Amino acid sequence: MTGPDDLLGLFPPGTAQDGDGMLRIGGCRLDDLAAAQGTPVLVVAEQAVRQRARDYREQLAARWPDSQVVFASKAFPCTAVQRLMVTEGLWLDVAGGGEIVTALAAGADPATLVLHGNAKTTEEIELAVRSGVGTVVVDNEDDIDRLDVVVPAGRVQGCLVRVIPGVQSSTYPAYATGHSGSKFGLSPAAARQAISRIEASARLRMDGLHTHVGSQILVADELAAAVAPLAALGDYPVYDLGGGLGCRYTYTDQPPSLGEYLDVLISAAREHLPPGARILIEPGRSVVAPNAVTVYRVTTVKPGATTFVAVDGGMGDNLEVALVGQRFEATIADRVGGGQPVTVVGRHCESGDVLSANVPLRDPKVGDLLVVPVTGAYCYTMSNNYNGARRIPVVLADDGDTKLVVRRERWDELLSRDL
Ligand SMILES: Cc1ncc(COP(=O)(O)O)c(C=O)c1O
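K.L.:
Where do I start with helix α7 (residues 188–200) in this structure?
P.N.:
Since the α-helix turns once every 3.6 residues, residues separated by three or four places project in the same direction. Relative to the 18 Å expected for 13 residues at 1.5 Å per residue, α7 spans 18 Å between its end C-alpha atoms, a close match to the ideal helical length. Those residues of α7 hidden inside the fold are in contact with β8 (135–138), α6 (141–150), β9 (157–162) and β10 (204–210).

Right under this line is the structure:
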């Protein structure tokens with residue numbers, strides 16, 4: 001089914017409805033959860049995340065045994081989620097010093113961290129080297145200058161070189177990173193020069209190559225197209241093929257399944273890469289996005305040519321709509337399916353603060369709980385204090401129990417940095 005009747009298909013696996021219609025995520029009724037934690041609240045279905053992490057690991061290993069799944073922390077950079085990944089055997093991609101800090105707090109072995117960034121500062125490189133981060137992905141020549149100074153004599157830092165594969169993808173322009181005009185990585189010619197410098201350095205070890213085509217990519221061939229340009233740069237022990245597998249946010253999205261994506265990617269690897277190489281992949285969005293929902297309280301219903309249903313959150317906790325125009329669906333928590341089209345808006349001072357335009361809701365009323373599915377990726381990441389919004393809590397829901405892993409920001413914390 002490809003319409004609102006399929007709304008539950010956008011929710012985390014295991015989502016159910018009680019006899020009175022109330023949704024249960026991870027076995028927990030959303031009204032109980034909202035009563036305990038307030039709203040808005042980000043609810044993560046813990047078992048669904050763990051299962052997805054395991055599926056990634058097992059399905060990649062089945063196709064390429066010497067392989068590793070590296071969770072892109074940026075998709076949900078809180079220690080509790082990073083810890084779930086670590087306990088499921090994933091490595092962590094960390095973009096910048098802050099994600100190193102949370103990854104280490106999550107108990108990650110520093111040797112399993114992969115540091116990214118197109119603008120790493122000396123401070124961040126020092127933190128990475130001091131912490132024993134296993135892999136630094138070199139994005140530019142300045143990274144090499146800094147590493148050569150920061151890595152102490154007698155130590156050797158493992159490096160990958162990020163290569164622009166020259167792949168156009170059909171995702172949102174802001175999410176595309178593989179085209180020749182990208183700010184991330186080096187063209188193949190510039191990469192050759194960086195490789196030579198790393199190979200000549202006594203403090204750096206040239207482990208291999210990295211690429212990342214972009215995010216929310218719904219065409220597996222676009223992801224696999226990056227493999228041949230890497231292979232053209234030569235044989236290395238490691239190839240990190242990035243993340244980017246897209247998710248189903250709305251009824252018309254048809255992402256490849258995990259198996260279909262890996263079939264296409266690994267068949268390109270078999271064709272182009274040395275058989276003895278180790279392959280890393282770096283999924284973020286497709287591990288967490290479908291496995292969490294955001295629960296809001298309806299604060300106002302304003303009838304008119306467009307009926308606006310306003311909630312107590314918005315672009316302070318979900319920037320994906322305003323940033324790239326990502327479509328989200330929505331439902332009243334205990335009245336799923338059916339209803340009349342309305343526009344769900346947030347509480348922020350922008351007309352662009354829309355959570356879901358033209359979405360059918362059944363008889364929305366002030367005080368109702370409204371649920372937006374597929375909010376597990378990049379929503380926590382980009383949460384902010386716009387209009388004095390307090391950043392929202394994160395709850396893990398599992399087998400009928402809830403665990404608060406990030407509390408709601410307090411009013412006084414909004415003053416805590418003011419001198
Ligand atoms: C270098 C790198 N690796 C992995 C990812 C994860 O991408 P996604 O969340 O789309 O899987 C990103 C984010 O775009 C990234 O920049």
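So that's the structure; there's more coming.
K.L.:
I'm lost on the pairing of strand β16 (residues 340–345) in this one. Help?
P.N.:
One face of the sheet, then the other: side chains in a regular strand alternate in exactly this way. As paired elements, strand β14 (residues 308–311) and β16 share 3 bridges and run parallel to each other. The partner of V309 across the bridge, within β16, is V344. Direction of pairing for β16 relative to strand β17 (residues 354–361): antiparallel, over a ladder of 5 bridges. Each bridged residue has a counterpart across the sheet, and for V345 the counterpart in β17 is V354.

K.L.:
Help me understand the sheet that holds strand β6 (residues 91–95) in this model?
P.N.:
Adjacent strands of a sheet pair through backbone hydrogen bonds, lying either parallel or antiparallel. Read around the closed barrel, 8 strands run β5-β6-β7-β8-β9-β10-β11-β12, paired in parallel fashion. Strand-to-strand twist of the sheet, defined as the mean angle between neighbouring strand axes without regard to direction, takes the value 30°. Where β10 lies against strand β11 (residues 238–240), 3 bridges are found, and the strand directions are parallel. What sits directly across from H210, in β11, is D240.

K.L.:
Got a minute to help me understand the environment of L8 in this structure?
P.N.:
As for its placement among the helices and strands, L8 is situated in the segment before β1 (16–17). With 15 C-beta atoms counted inside 10 Å, the residue L8 sits in the partly exposed group. Apart from residues lying up to four places away in sequence, L8 is in contact with T15 and V336.

K.L.:
Even after reading the chapter, I still don't get the domain arrangement of the protein chain, so can you show me in this structure?
P.N.:
The accessible area lost on association of the parts is a frequent measure of interface size. Partitioning the protein chain into structural domains gives domain 1 (4–45 + 289–415) and domain 2 (47–287). Between domain 1 and domain 2, the C-alpha centre-to-centre distance is 31 Å. Counting from both sides, the interface comprises 29 residues of domain 1 and, opposite them, 21 residues of domain 2. Where the side of domain 1 that touches domain 2 is concerned, the elements lending two or more residues are β4 (41–45), α12 (320–324), β19 (394–398) and β20 (401–406). The element contributing the most residues to the side of domain 1 that touches domain 2 is β19, with 3 residues. Class assignment of the residues belonging to the side of domain 1 that touches domain 2 gives a composition of 18 nonpolar, 7 polar and 4 charged.

K.L.:
Would you mind showing me how to read the sheet that holds strand β3 (residues 28–29) here?
P.N.:
Strand order in the open sheet made by the 3 strands is β1-β2-β3, with antiparallel pairing throughout. The open sheet has two edge strands with one neighbour each: β1 and β3. Relative to β3, strand β2 (residues 23–25) runs antiparallel, the two being bridged by 2 bridges. Within the sheet, the bridge partner assigned to R24 lies in β3 and is R29.

How each quantity is defined
- Residues numbered from 1 in each chain as written.
- Predicted model: local features only at pLDDT ≥ 70, side-chain atom pairs only at ≥ 80, totals over all residues.
- Helix = DSSP H or I, 4+ residues; strand = E, 2+ residues; numbered from the N terminus.
- Expected span 1.5 Å × (residues − 1).
- Contact = placed C-beta atoms within 7 Å.
- Pairing = 2+ DSSP bridges.
- Axes fitted to C-alpha atoms, helices over the stretch in contact; angles between N-to-C directions.
- Buried ≥ 20, exposed ≤ 12 C-beta atoms within 10 Å, placed from the backbone.
- Domains from an automatic or database assignment.
- Nonpolar A, V, L, I, M, F, W, Y, C, P; charged D, E, K, R; others polar.

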